[in-house]
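Examining the three-dimensional arrangement
Here's the letter readout for the chains.
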2 protein chains.
Amino acid sequence: MKTVSTAEAWTGTADCRNCAIRQSVLFARLDEPDFDAIHRQIDQYTFSPGSIVYSQDDAADAIFTIRTGLVKLTQYLPDGTQRIVRLLQSTDVIGLEALMLDRYEHAATALHTTEVCRIPSSVVRELLQRKPQLFNDLMARWHRAVSDCDRVITELSTGPARARVVRLLLWLAERKGDRQCDLFSREDLGALLGLTTETVSRTMAELKRQGWITEPRINLIVCDIDRLRAALG
Amino acid sequence: MKTVSTAEAWTGTADCRNCAIRQSVLFARLDEPDFDAIHRQIDQYTFSPGSIVYSQDDAADAIFTIRTGLVKLTQYLPDGTQRIVRLLQSTDVIGLEALMLDRYEHAATALHTTEVCRIPSSVVRELLQRKPQLFNDLMARWHRAVSDCDRVITELSTGPARARVVRLLLWLAERKGDRQCDLFSREDLGALLGLTTETVSRTMAELKRQGWITEPRINLIVCDIDRLRAALG
DNA sequence: CGCCCTGTTGATACGATTCAAATATCGTGG
DNA sequence: CCACGATATTTGAATCGTATCAACAGGGCG
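Scope of this entry: the structure provided in the associated data block. Just so you know, these numbers come straight off a predicted model, no measurement behind them.

**Observations concerning the overall build of chain A**
Helices and strands together make up the secondary structure of chain A, namely seven helices and twelve strands. Rg of the C-alpha trace for chain A: 19 Å, near the compact-globule value of 17 Å for 233 residues, within the 12% margin. Each principal axis of the C-alpha distribution contributes one length, and for chain A these read about 55 × 40 × 30 Å. Taken across its 233 residues, chain A has 53% of its residues classed as buried. Long-range pairs, those at least 24 residues apart, make up 71% of the contacts in chain A with a sequence separation of at least 6. By element, 48% of the accessible surface of chain A is carried by carbon and sulfur atoms, the whole surface being about 10400 Å². Each charge class in chain A was averaged separately, 30 positive and 31 negative side chains, and the resulting centres sit 5 Å apart.

What follows is the structure in C-alpha cells.
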C-alpha cells in the first residue's frame, strides 16, 4: 500500500502585493490597503505530489488559491471507487464550498508539486462586507467550476477511450500554451476519464506508436497537436 | 425530421407573493415590499415537452426559475453530438451565467411540461445592490449547480450501463420522494448517461424482466427501490 | 541487492455499439 | 374516428472496444 508519502509544508504568510499571479487571483481587484489588512491571515503551503490539501468531510474553514502545480478533486462512490471530478491548476480556487458548508465535499490531492495560498473563509466574508464588488469575482469562480465540470462531462467522460485521452492531452497542452503537458499516474488518468489504468496505458502506447505523441521524459508528453486534433474527426 | 413541435406560452406576470414554491426560490428571503417592486418584471411561461427555453449562444439577459416540470441542459461537442450535462426541476434555477456572460452556454429544453419564471438579469443585479444577503442565496445556487455536475460525473457517467440507469432511476425517485419517476425519451436518457439509445432500451427491458421496475403508463416508472439499491452492490 | 509499486503487455470474457429490421406509438389529415 | 405516415422504441446478430485477470519489466527506495 502506498503511504501518503509526503506532507505539506508551511512556507510563510502570503506576500500578496508582490504575488506573481496577483492579477489573476480572486482578490485581483483589491487595492493595497486591503491587501495589507488581510495578507497576514493568508498562509502559503507547498504540497508535494500525492499529498492531500484537504479530505472529503474535513472541517471546511478556508478556500485555497493554487499558485503553481496541479490538483485533483475526487469523490468517492458508494461502492468505494473514486472518481476525479475536476483538475485544477494555477490561479484556480479550490474549496469554495467552505463559504457555504462546514465540510469539504471532495478530497483535494496534489498531482504535481503545488503551492497554494490558504484564505480563511472569515477573511472572504469580511472582504465581501467591505467590497461588495467581490461578489462578481467570486461568482466568476463558481462559474469557472461549473464550466470545468461541463468539460469533464462532455469531453473526458464521453466517447471511446482514445478520444477521451486525446481530448485530455489537447486540453492540458492548450492550458499550458504549449505542445507539451505534464502528466500524472495512469491510475489517476483512469479515474479522470472513467477508464481502467490498463486501457489508459494501452491507449497511450498506441498514440506513441502512431507518432502522435512522444514521451521524452517520464510523464512529459509532447503532442503533435494537429494530428491529435485530426484524430478526433 | 422532427419539427420543434411546440412553442412556449406567456402565462402572465408572476404573482410572487402567492407563489407556491416561494420558500424554495432564489428570492425566498425577500419581503413584501421587495416583491411588489419586482414582480411586474417577472414573466411566467409554460413550455411543452421538446420546446426550447433558450439555445446555446442565445443572448443571455435573464435567469429562469423552474416552477414545475423538468429541463435538460445540453452542450454540443465539436463532432456535433450532444450531451446532457444537467437535469433541472422544480425550484432549480437555470441560466445563471446570464449574470456573468452575454450568451448562454447551454441549450435548455423542456423534457416535461414546464412552467418557469423569467427573471431579467437587471432585476437580480438591482436586488443584489439593495440586499447583499441575496448573494448567499445566489452562491447556494451556484453550489447546487456544481453538486449536480459532480453527480452527473460520478453517478451517471461512471460504470456499466445497468448501474448508470439504476442510479438515475433512484435519483429521480428520490427527488420525487416516491417510488415513481416520470421518464423521458430513450435518446435523452442515452445523452444523459453517455450510452446509445439501444443500450438504454435493452437495459430498461432487462430491469423490467427482473421485476426491479414496472412501467404502468408509458414513461412512468415504478421502482422497487430496495432491490434497485441492492443491484448496485 | 531485493522488494514494492507502477506501468506495460497479453489472452480472454464481457459488455456496448453498430447496423438492420420489426414493432409500437404519435400526430395528422381524411 | 380511423388510417396513414412519420417517429420512437424494441429486438436481433455481428462486431468492436473495454474490462478483467494474469504475468512481467522497470524504477525507486529501503
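Alright, that's what it looks like, and here's the rest.
**Concerning the relation of the copies chain B and chain A**
At an RMSD of 0.0 Å, chain B and chain A line up after a rotation of 180° and a shift of 0.0 Å along the axis. Both copies are brought into coincidence by an operation consistent with a two-fold rotation axis. Same-surface contact between copies: 97% of interface residues of chain B are shared with the interface of chain A.

**Regarding the packing of helix 5 (residues 186–193) of chain B against helix 6 (residues 197–210) of chain B**
Residue and element names in this part refer to chain B. Put simply, helix 5 and helix 6 touch, their axes get as near as 8 Å, and they point 105° apart. The angle between the axes of helix 5 and helix 6 places the two elements in the roughly perpendicular class. Only Thr-197, Val-200, Ser-201 and Met-204 of helix 6 make contact with helix 5, whose side of the interface consists of Arg-186, Glu-187, Leu-189 and Gly-190. Here the residues of the contact of helix 5 with helix 6 are counted per class, giving three nonpolar, three polar and two charged.

**Digging into helix 4 (residues 161–176) of chain B**
Residue and element names in this part refer to chain B. In a regular helix each residue adds 1.5 Å, so 16 residues correspond to 22 Å; helix 4 covers 23 Å between its end C-alpha atoms and thus fits that length. Burial within helix 4 is extensive, with twelve of its 16 residues counted as buried. Burial in helix 4 covers these residues: Ala-161, Ala-163, Arg-164, Val-165, Val-166, Arg-167, Leu-168, Leu-169, Leu-170, Trp-171, Leu-172 and Ala-173. Looking at the residues trailing helix 4, positive phi occurs at Gly-177, about 65°.

**A word on the environment of Val-146 of chain B**
Note on placement: Val-146 of chain B falls in helix 3 (residues 134–156). Measuring from C-alpha to C-alpha, the distance between Val-146 of chain B and Asn-18 of chain B comes to 30 Å, with 128 residues separating the pair along the chain. If we ignore the near neighbours within four places in the chain, the residues touching Val-146 of chain B are Arg-86, Trp-142, Ala-145, Val-146 and Cys-149 of chain A.

**Observations concerning the sheet that holds strand 9 (residues 114–120) of chain A**
All names here are of chain A. The sheet built from five strands is open, its strands ordered 1-2-9-4-7 with antiparallel pairing. Each of the sheet's edge strands pairs with one partner strand only, and the pair in question is strand 1 (8–13) and strand 7 (93–94). The pairing of strand 4 (residues 62–68) with strand 9 spans six bridges and is antiparallel. Note on strand 9: the bridge partner recorded for Phe-64 is Arg-118. Lying on the sheet, helix 2 (residues 121–130) is in contact with strand 4 and strand 9; it crosses strand 9 at an angle near 60°.

**Looking at the interface of chain B and chain A**
Facing the 32 residues of chain B at the interface are 31 residues of chain A. At the junction of chain B with chain A, the criterion picks out zero salt bridges. Between chain B and chain A we count eight residue pairs in polar contact (both at pLDDT 80 or more) in total. Sorting the residues of the side of chain B that touches chain A by element identifies strand 6 (82–89) and helix 3 of chain B as the ones contributing at least two each. The element that contributes the greatest number of residues to the side of chain B that touches chain A is helix 3 of chain B, accounting for 15 residues. Residues belonging to the side of chain B that touches chain A are distributed by class as follows: 18 nonpolar, eight polar and six charged.

**Some words on the packing of aromatic side chains**
For the coordinates displayed, the defined rule picks out seven aromatic pairs over all chains. The structure contains a cluster of three or more aromatic residues connected by ring pairs, namely Tyr-54, Phe-64 and Tyr-104 of chain A.

**A look at unusual backbone geometry**
With glycine set apart, most residues show a phi of negative sign, and most peptide bonds adopt trans. The phi angle at Asp-57 of chain A is positive, at roughly 75°, despite the residue not being glycine. Within the secondary structure layout, Asp-57 of chain A lies in the loop between strand 3 (52–54) and strand 4. Its identity as a non-glycine residue notwithstanding, Asn-219 of chain B has a phi of 65°, on the positive side. On the secondary structure map, Asn-219 of chain B appears in the loop between strand 11 (213–217) and strand 12 (220–223). Taking the relative accessible area as the measure of exposure, Asn-219 of chain B reaches 25% and is therefore partly exposed.

**Things to note about the environment of Ala-107 of chain B**
All names here are of chain B. With respect to the helices and strands, Ala-107 occurs in strand 8 (residues 107–110). Here the alpha-carbon distance between Ala-107 and Asp-58, two residues 49 residues apart in the chain, equals 8.6 Å. If sequence neighbours within four positions are ignored, Ala-107 has contacts with Tyr-54, Ser-55, Gln-56, Lys-72, Leu-73 and Thr-74.

**Side note on the nonpolar core**
Among the nonpolar cores identified, the biggest contains 158 residues, and Phe-27, Leu-87 and Ile-94 of chain A together with Phe-27, Leu-87 and Ile-94 of chain B are the most heavily contacted of them. Not counting residues up to four positions away in its chain, the partners in contact with Leu-87 of chain A are Leu-70, Val-71, Lys-72, Asp-92, Leu-111, Leu-168, Trp-171, Leu-172, Arg-175, Phe-184 and Leu-192 of chain A.

Reading the values: rules and limits
Residues numbered from 1 in each chain as written. Chains lettered and ligands numbered in written order. Predicted model: local features only at pLDDT ≥ 70, side-chain atom pairs only at ≥ 80, totals over all residues. Heavy atoms only, no water. Helix = DSSP H or I, 4+ residues; strand = E, 2+ residues; numbered from the N terminus. Rg over C-alpha atoms; globule rule 2.2 N^0.38 Å. Buried < 20%, exposed > 50% of the residue type's maximum accessible area, 1.4 Å probe, protein only. Contact = heavy atoms within 4.5 Å. Areas by Shrake-Rupley, 256 points an atom, 1.4 Å probe, with all protein chains shown as cover. Lys, Arg positive; Asp, Glu negative; His and termini not counted. Charge placed at Lys NZ, Arg CZ, Asp CG, Glu CD. Least-squares fit on C-alpha atoms with pLDDT ≥ 70 in both. Axes fitted to C-alpha atoms, helices over the stretch in contact; angles between N-to-C directions. Parallel < 35°, antiparallel > 145°, perpendicular 65-115°, else oblique. Nonpolar A, V, L, I, M, F, W, Y, C, P; charged D, E, K, R; others polar. Expected span 1.5 Å × (residues − 1). Pairing = 2+ DSSP bridges. Salt bridge = Lys/Arg side-chain N within 4 Å of Asp/Glu carboxyl O. Polar contact = N/O pair within 3.5 Å; in protein donor to acceptor, adjacent residues only side chain to side chain. Phe/Tyr/Trp six-rings, centres within 6.5 Å; stacked < 30°, edge-to-face > 60°. Core = buried A, V, L, I, M, F, W, Y, C linked by side-chain atoms within 4.5 Å.

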